Structures are given as C-alpha cells and as structure tokens.
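# Topology and contacts: notes
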Amino acid sequence: MKIVVARNDVGEASTPTLHGETAWWRRWLLPLLALFGLVVAGLAVRAELRNTSYRAVMRAVESLPHVTVFAAIATTVACYCVLPMYDLLGLKYARKRIPLWQAIRASLFAYAFSQSLGFAAITGGAFRLRFWTASGLTTGDVARAATFSAIGFWLGILTACGLALTFEPLPPALLAFGSAWWLRPVGVVLLAAVVLYFVLASQRGRSLTIAGLEFEAPGFRLVALQFVVAVSDWALAGLVAWTLLPATPGLSFLGFLGFFALAQAVGLISHVPGGLGVFDSVMVLLLAPHVGAGPAVASLVAYRAIYYLLPFVLASVALAGLVVQKRSRIIADAAKRTARVAGRWGPTVLPTTLSAAVFLAGLVLLMSGATPEERPRVAMLTHWLPISVIELSHLTGSLLGAALVVLAWALQRRLDAAWALAVAALAAGIVSALLKGLDYEEAIILGSILLVLVPSRRAFHRRAALLAEPLEPAWIVAIVAAIGASVAFGLFAYRHVEYSDELWWRFGRNADAPRFLRATFAVLGSVVVLALFRLLRHAPGEPALPTESELTRAELVIASSVDTRSHLALLGDKALLLDDANSAMLMYGVEGRSWVALGDPVGDEDAGEELAWRFRELADRHGGWTVFYEVGTDRLPLYIDLGLSLLKLGEEAIVPLTTFSLDGNHRKGLRRSLRDADKRGVSFEMLDAHDVATHLPALREISDAWLDDKRAREKGFSLGRFDETYLLRHPLAIVRHRGAIVAFANVWTSAHRAELSVDLMRWAAGAPPGMMDYLFIQLMLWGHAQGYERFNLGMAPLSGLENRALAPLWARAGALVFRFGENFYNFRGLRQYKEKFDPIWEPRYLASPGGLALPRILTNVAALISGGIGGIVRK
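Analysis parameters
Each chain has its residues counted from 1, following the order in which its sequence is written. pLDDT decides what is reported in this predicted model: residues at 70 or higher carry local features, side-chain atom pairs at 80 or more are listed and counted, and totals for whole chains, interfaces and linings draw on all residues regardless. Side-chain numbers here rest on the full set of heavy atoms in the structure, without hydrogens or water. The helix and strand labels rest on DSSP assignments: H or I over at least four residues marks a helix, E over at least two residues marks a strand, and numbering proceeds from the N terminus. Burial here depends on accessible area, computed with a 1.4 Å probe over protein chains only, as a share of the maximum for the residue type. Under 20% is buried, over 50% is exposed, and the range in between is partly exposed. Only one rule defines a salt bridge in this text: a Lys or Arg side-chain nitrogen within 4 Å of an Asp or Glu carboxyl oxygen. Pairing of aromatic rings covers Phe, Tyr and the six-membered ring of Trp, with a centre-to-centre limit of 6.5 Å; geometry is then stacked below 30 degrees between planes, edge-to-face above 60, and tilted otherwise. Patch membership needs two things, relative accessible area over 30% and no salt bridge, and members are linked within 9 Å if like-charged or within 5 Å if nonpolar (Val, Leu, Ile, Met, Phe, Trp, Tyr). In short, Shrake-Rupley with a 1.4 Å probe defines the accessible areas, and a residue's cover is counted only from the protein chains shown. The convention is simple: Lys and Arg are positive, Asp and Glu are negative, and His and the chain ends are not counted. Charge positions are represented by NZ for Lys, CZ for Arg, CG for Asp and CD for Glu. Comment: axis = line fitted to C-alpha atoms, over the contacting stretch for helices; angle = value between 0 and 180 degrees taken between N-to-C directions. Oblique is the label for any angle not under 35 degrees, not over 145, and not in the 65 to 115 range, which are roughly parallel, roughly antiparallel and roughly perpendicular in turn. By definition, turning the near helix anticlockwise from the far helix through less than a right angle yields a left-handed crossing, and turning it clockwise yields a right-handed one. The contact rule is simple, with two residues in contact once any of their heavy atoms fall within 4.5 Å. Under the grouping applied here, Gly and all other residues not named as nonpolar or charged are polar, the nonpolar ones being Ala, Val, Leu, Ile, Met, Phe, Trp, Tyr, Cys and Pro and the charged ones Asp, Glu, Lys and Arg. Expected span, for any helix, means 1.5 Å times one less than how many residues it has. Arc, as used here, means the arc of the directions from the helix axis to the C-beta atoms. To qualify as a nonpolar core, a set must consist of buried Ala, Val, Leu, Ile, Met, Phe, Trp, Tyr and Cys residues joined through side-chain atoms within 4.5 Å. pLDDT measures the predictor's confidence residue by residue and takes values from 0 up to 100. At least two bridges found by DSSP between two strands are what make those strands a pair.

With that settled, consider the environment of Trp595. As for its position among the elements, Trp595 is in strand E5 (residues 594-598). Trp595 sits in the buried class, given a relative accessible area of 3%.

Shown next, in the form of structure tokens:
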C-alpha cells in the first residue's frame, strides 16, 4: 500500500491548510463527546463498585501473587519484543533500510510513550521521525512506513473482535441492552474485512486509491507476516491483563481477548489520552458477570502499572540518558547531521509529547491527593516531621497537580515560560510527594518526566504570554476532566466517611478525608480564580505579523528614510502601522501588557506623529502600556505630549564619514589592522542584494558555527537574525581568506546617503584574528568613497548615565552597573571598543509610563529581544 504524499516545490511534505475559521460548535463537539463518554463510563463503574470500597480495591492489588506479577512483567517484555516488528515490516514495505538497532530503538520509544500518553500519530511519530530521518529517510518514507505499521495495529483489533463476536458466547453486558442478534453479523463483517484486506493486499503490483491516497499492495509474504505480528501483539497484550485476573470460570482466553480488543477500540475512539478511564470502564462492565468489580478494577490497576507505566518510566530514563550522553561527548560529523535533523522536527513534535507527559504528571498528583496515604509510611514520617509539614505538602501536591495540567496546555503551545514553570512544578512535586507520604512511586514518575523535560528547553521558544494565549476547547475539557476525575475518585475513596463541618478543621496522621476536602477546595478555588482572571482581563493584544504586501509598502517608507534602523521592519517579526500614503511607519511588538514600538516613527514627521497617537490609542484599548524603545532626541516633545516618562538607556556611536580617513597618529591602530589582514591574504568585497543568493549556503554554515561557538541563539525585535528572505533584501559585505568566505555583515543604507550601518555580523571559527576591526574599517572607507555622511556603530548600553546625588535613581544604578558590571556584560569594554573610531555619542531613551510599571516594562522589552522570558537568562 504505497502512500503517495503530496510535496511542495522544495521537496518537503506539504501541510494541509484550513481556509476560514472552524465553526465554534465543531471545535467543541469532539472534546465534549469525549467528556460525555468519560462521564458515562465513570457512572457505570461507580454503579458496579457500589458494594466495593477503595481500600478493598487496593488490598486486592497488594494481594496479587508475586508469581502473577512477574509473569505479567515477563509477558510485557515479550510483547515489547514483538512491537518493533510492526516498524520493521513498515520499513520493508517502504523499501527502506536503516540500521536494525536504530529501527528497534525508535520503535521501543514510540510505543512506550504513545501507549501511555495517547496521540500515537504524534508521540510515536516523533521518535520514528527522529531516528529514521537521521538514517536518511525522507518524511514521505516515514509516513509510508508508519502508516503500514498502523494498519497492522488495527488489523489485530479487527481480528480479535471479529473472532470473539463470531465464535464466543455474547457478553451478558451487551445482551443487557436488548436483543443483540446483530452482534454476530458484526463479527462476521469484521472478519470479512480482514479477509478482504488479506486478499487485496496479497496481489503484488495491484494499487488502490482511497481518499486521494494511492495504495500499492505489499504482496502475500509481507501481509502474512503483518498478520502474524498483529495477532501475536494483541494476544500477548491481552495475556498480560488475563494473567492478572483471578480465576474466571466460563470465560475463555479468546472471549477475554475479544473484550480486551473491544475496550481498547472504544478507548481509542474516545480520544481520551491512553483511553484512561474509558478502556477500564468498558472492561469492568464486560467482565462484571465473570469477575467482581473490585477484583476487576484491581487487576486493571496492576495492568496499567505493568504494561503502560513501567515501560513509560524506563523509556523516559533511557531517553534522558541518551540526551545527556549526546550532550556530554564530542559529537562526530554523523551525529551533527543527526542533530540538525532533530532541530527541524524537535520544535514541531517534541512539545506535544512532553505536554502529554506533563499532563500525566499533573493527573498523578491530583489522584494522589484524592486518595488515602499508606498509613505505615505516614506513621514513619511523623517521627521525623511535624504534622504541619505533611499537611502542607499534601495541599501543595494537589495544587501543583492542577498547575501541571494547565501548564501542559502551555507546553503544547511551545511557551518558554511554561517550560521553566513546569520544571519547577515537577521538582516541587517530587518533594511534596515524598514529604506527604513517602510516595516514592510518584516521585519516580515525576522524576522520569523531569529528566526528559530539562534537556528539551530549546523546543520551547515562543514568548511567554501565558495568560494571553487562547485556551482551546479540547484543553478546557481535558483540564475539567482531570480535576473532575480526581474529585470523583476522592469521593469514592472516602464515601464511608460521614460529612461534617468539623472535617475541614481536623488535622492528624490519619486525617486523609479532611486533607482531601481542603485540597479539593484549594484546587477548585485556584481554577475558578484563573478562569475569572481570563474572563475579566483586558482583551489580549494579538497584532498580526506583516503580510508580503505590507512589507512591500514598508520598503517604500524605508527607501525614503534617513534612519537605517528602519530596515528591521523587514525581519517580519514585528507588527506594522502604516499611513495611507505610505509616507510613515511604526513597528512594534507586544509582550505582556507592554506595547513596545521600536525607535521613533519612520518617515514623514507629521504622519509619524499621527501614527504615534494611533499606537497609544491601540495600546489603551487593550489595557496595555505604551512604550517607545531606543528613541532619539528629535521627538522627545512628542513622547512628553503622549504622557510618557523618559529614561536614558545609553548612547549610540555615530562616526562622521565625510571626514573619515586613516591618516594621523591617532589612526595608527586601524592602519595596523589593515596591514595585518593584508599580510594574511584577507580581502574585502561588497555584494549587491541580487548577488547574495548564490552565497547563502556558505553564509549559513558560518552563521551556524558562530552561534555554536558563542553558545547563543538567534535574537529578534531590535536585532537581526539569519533569515534568508531578510538577507536577500540588503547588500552584503564579505571577507575572504585565501578565496574562502570567513566573515560577513549585511549592510543597511539610507535615503540621500545619509547613514550607513550593519546589522548581522558573523565570522567563522577559523577566521584570522581582527575580523570585526577589518570589516568596520573597510565599510567606513567604502561608505566614505560612496559619499555617505555617517556610519552608525550602534548602542553602548548604560553609557553616559551620571552617578550624582541628585540624578534619578535609574541613572545612578545604571552608572554603577556600567562601572562595576563587567562580570555580567562588557559595558565599558563595548564603549571603549567603539571609541577607537572617534564617534559622536548621541543619547537614546525609553519612553514609557514609568513608575512602578517600569521593572515589568524593562523585563517585557528584554523578553521581546531575547525571544522570551527564558532567553533573558540564557544566551
């Protein structure tokens, strides 16, 4: 069944696009149906457990014979030995070969995570894409192989269900709904579908097109192997659960396997991650005539722990070890290529996988807070800790669980602050789990997820506007379901406890029910407060990034501007305000409540002033703070009229080019730099914008190496980045060493040859020393020859601030940081470096509301430049 994947003009698998906005009821339909199914299943199980207590269920779990548990573990190991066969057959179908261990490792990771977390196409697909593309497969190859594997998975479900419905006695639970004469024909249809697939797929060379996808028959041998693997997989998976059940007279293994496959299918259709709750509820109902509800639930709890949780924990630890190993050794060329491939898929699929894992961690903490602690462990703790610590840890654990299920949504949206908060919450959750009842099992689960999350911070790169992000219906339902399930579980666990107002104030070693009440109130209260905050907050600012037509209009304004910084609008990472005549422009970004315009309005003075007022009104409508960053002295009266306060940020170095030369004693250092470069065989060249494209691969290699050497990442907003579309809009200065490009800088020019400047300046690790000096000198000489008036060397932060008794507090603090802050940033060194070119220093300011909002505004500006809150504290 060869799947033909549509491809775009650059050879990548194309992504379908949606036209128009999805109707609200469609976005809510599936989540609400999943929630409805979960509620119905929960009510059905509650009815079955009406004569069973929580402690009876837990005693049944604890009383499972060790031999039975070891047999279930051994069967699970056997099943995980079979699972990679799906992928090996898929690769054979796609006619692709990769190292055997590479395929098996990807498969084990894929199944260990996807079976516990759900979303198999995404979570499992992430690992296949990671390992298979590193071995040379394309995304289309991965899609073909993974689809063939998925067909084998469903082939096993259809076979097991068809055999059970056709040849086994019908389950009394299904007969309870009335005459079920139609069930055996359904079983026959399922088996017929399997036979039809077997016949069609066995005819090698035959092709079939379904829903736009072309299937090429794999041939009899491959289909037969696929069938054997599918049946073996489902037989072993069912045998794990069968082994953990007590003796069930009257129920054959084939009949049980039919129940098992049917429950799994319902769990998959429900869209609940891992079928959690849905699969278990259906199994309890189907097994009710044969096994009591209590023993059935106990067996399913053990099954979840052995078949799902144990492989998940082991895979998490193995994945963390793999990441640490790759980061701690010297990476060979092949591994570097693998890392580049991982860099392309990681930001796309890894956040979803970790989001599901963090959601699971939150659910674990919530369920733990809703159930009684092990009394011997609590008794042991009370010898070491006061009861207040245990009570506080229990409450904290439940609140952290609620926080994690919410942060899971933010992780899926790749927010950098969510990564930092999730790491902190998981670490705190481990501590609380140990302090509230020595729950080392929970600590191991949380620790496993933490081990995988910590090295994955680069996958979470978006700016951290946690409360401004839209909360999708699916996540609202998932959060409500998680918290609702924990409350329902707690009510079941403590239904023997008679409610009284005194329970709220009872504290003690065995006061589990009061702790559950307080934790539930705290969790529900915090969720309600969060919901109210989101409902009552100002409408979030969601400025649209510029379209291609807007960038074309911006180019018209830039072409008439004497300010080279206006070229930053062409990065496309800032929203634009343009007047109707295309004579003025204002570029801005939004972080938190700060609406930050970069620099003064560009272009016509009167039109620019009108844009500044429009910007102020736009920020006010969204409850934001109006901020102008790095403005000059020419328009300070405008910002005062806007009601803003001024804060000096530093000074900008401007080198006059009309009088620039290398003559004189004070220029001997610059002359020496040129002579040294000439002796080393270094040369300078200016490329026009239309000549840049042919050199982009070499420039990309230099840029990547520069970032790796500096251990930095791309910035934004007020700084350029290596973006090919952006670079193609400007001339480029390059430096060659013995013919090879070793350094480059994109060059900004202004109207009337008023100003010349550079933005992105990078050099190779093996470049001769002094490349910065050489580039700047040559550019200034070139600018002088071309008739430019000045060269802009950029800002020296905190430069020119006065440390005087009557100076503002910010100026005094900034002056001290400038003087003594060399351990954090080379403030003085940067100014001294620029001084060698004899510049004129011009002040630059921040115009903002000031006052108590100033620290948050400065943090927001830093986050915009650094690409998020996390970027402020790392390069």
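Still to come is the rest of the account.
The next thing to look at is the pattern of salt bridges. All chains considered together, the criterion is met by 17 salt bridges. Notably, a salt bridge pairs Lys574 with Asp573, separated by 2.6 Å at the nearest N-O pair. Judged by its relative accessible area of 1%, Lys574 is buried. Salt-bridge contacts for Asp573 lead to Arg721; the nearest nitrogen and oxygen are separated by 3.5 Å.

Take the packing of aromatic side chains next. Across all of its chains, the model carries 21 aromatic pairs by this definition. With a centroid separation of 5.1 Å and an interplanar angle of 55°, the aromatic rings of Tyr588 and Phe615 are classed as tilted. Separated by 27 residues along the polypeptide, Tyr588 in strand E4 (residues 584-591) and Phe615 in helix H22 (residues 605-621) bring together distant segments of the chain. Relative accessible area serves as the criterion here: at 6%, Tyr588 is assigned to the buried category. Taken together, a centroid distance of 6.0 Å and an interplanar angle of 85° make the contact between Phe776 and Phe791 edge-to-face. Here Phe791 lies in strand E13 (residues 790-797) and Phe776 lies in helix H27 (residues 771-786), a separation of 15 residues in the sequence.

The next point concerns a negative patch on the surface. On the surface, a cluster of negative charge is made up of Asp604, Glu605, Asp606, Glu609, Glu610, Glu617, Asp634 and Asp641. Here the negative patch takes five residues from H22, the largest share from any one element. Among the structural elements, Glu605 can be located in helix H22.

Attention now goes to the packing of helix H4 (residues 84-93) against helix H10 (residues 220-244). Interhelical geometry of H4 versus H10 gives an angle of 165° and a closest axis separation of 10 Å. Compared by their axis directions, H4 and H10 come out roughly antiparallel. Once H4 is placed against H10, the crossing between them reads as left-handed. Of H10, the residues touching H4 (which contributes Met85, Tyr86, Leu89, Lys92 and Tyr93) are Arg221, Leu222, Leu225, Gln226, Val229, Ala230, Asp233 and Trp234. Its residues placed into classes, the contact of H4 with H10 shows nine nonpolar, one polar and three charged.

To continue, consider a nonpolar patch on the surface. Together, Leu434, Tyr440 and Ile444 line one region of the surface with nonpolar side chains, adding up to about 270 Å² of accessible area. Relative to the assigned elements, Tyr440 resides in helix H18 (residues 440-453). By relative accessible area, Tyr440 is classed as partly exposed at 45%.

This brings us to the packing of helix H24 (residues 668-679) against H27. Two elements in contact, H24 and H27, have axes separated by 10 Å at closest approach and are oriented at 110°. In this view, H24 runs roughly perpendicular relative to H27, as classed from their interaxial angle. Residue-level contacts link Leu670, Ser673, Leu674, Ala677 and Asp678 of H24 to Asp773, Tyr774, Ile777, Gln778 and Leu781 of H27.

Taking 1.5 Å of rise per residue, the twelve residues of helix H21 (residues 548-559) would be expected to cover 16 Å, and the 16 Å separating its terminal C-alpha atoms lies within 8% of that figure. Looking at H21, one finds that the buried residues are Leu551, Ala554, Val557 and Ile558. In a view along the axis of H21, the buried residues occupy a sector of 105°, so they form one face of it. Turned more than 90 degrees away from the buried face of H21, the exposed residues are Glu548, Leu556 and Ala559.

If you check the backbone angles, Arg738 has positive phi at about 55° while not being a glycine. Structurally, the position occupied by Arg738 is in the loop between strand E10 (732-737) and strand E11 (740-749). At Asp838, a residue that is not glycine, the phi angle is positive and equals roughly 55°. Checked against the element boundaries, Asp838 lands in the loop between helix H29 (827-835) and strand E14 (840-848).

Ranked by internal contacts, the top residues of the largest apolar core, which has 100 residues, are Phe260, Tyr303 and Leu453. If we ignore the near neighbours within four places in the chain, the residues touching Leu453 are Leu354, Val358, Trp419, Ala422, Val423, Leu426 and Phe460. Core analysis: the second largest hydrophobic core is formed by 44 residues, Leu571, Ile734, Met795 and Ile865 among them.

Right, let's talk about the confidence of the model for the protein for a bit. Per-residue confidence for the protein averages 75 on the pLDDT scale, and 75% of its residues sit at or above 70. Here residues 327-348 is a poorly scored stretch, pLDDT under 50, and it has 19 contacts once near neighbours within four places are set aside; other chains count. A low-confidence stretch, residues 800-807 stays under pLDDT 50, and its non-local contacts, those more than four residues away or across chains, total 20 contacts.

A surface patch of positive charge is lined by Lys668, Arg672, Arg675 and Lys679. With respect to the helices and strands, Arg672 occurs in helix H24.

Here we come to the pairing of strand E8 (residues 645-656). Sheet topology places E8 next to E14; nine bridges connect them, and they run antiparallel. Bridge pairing in E14 places Leu646 opposite Ala847.

Here Ala164 shows up in helix H7 (residues 139-167). What makes Ala164 buried here is its relative accessible area of 9%. On a C-alpha basis, the gap between Ala164 and Leu254 in space is 6.3 Å, while along the polypeptide they are 90 residues apart. Look past the residues within four positions of Ala164 in its chain and what remains in contact with it is Leu254 and Gly258.

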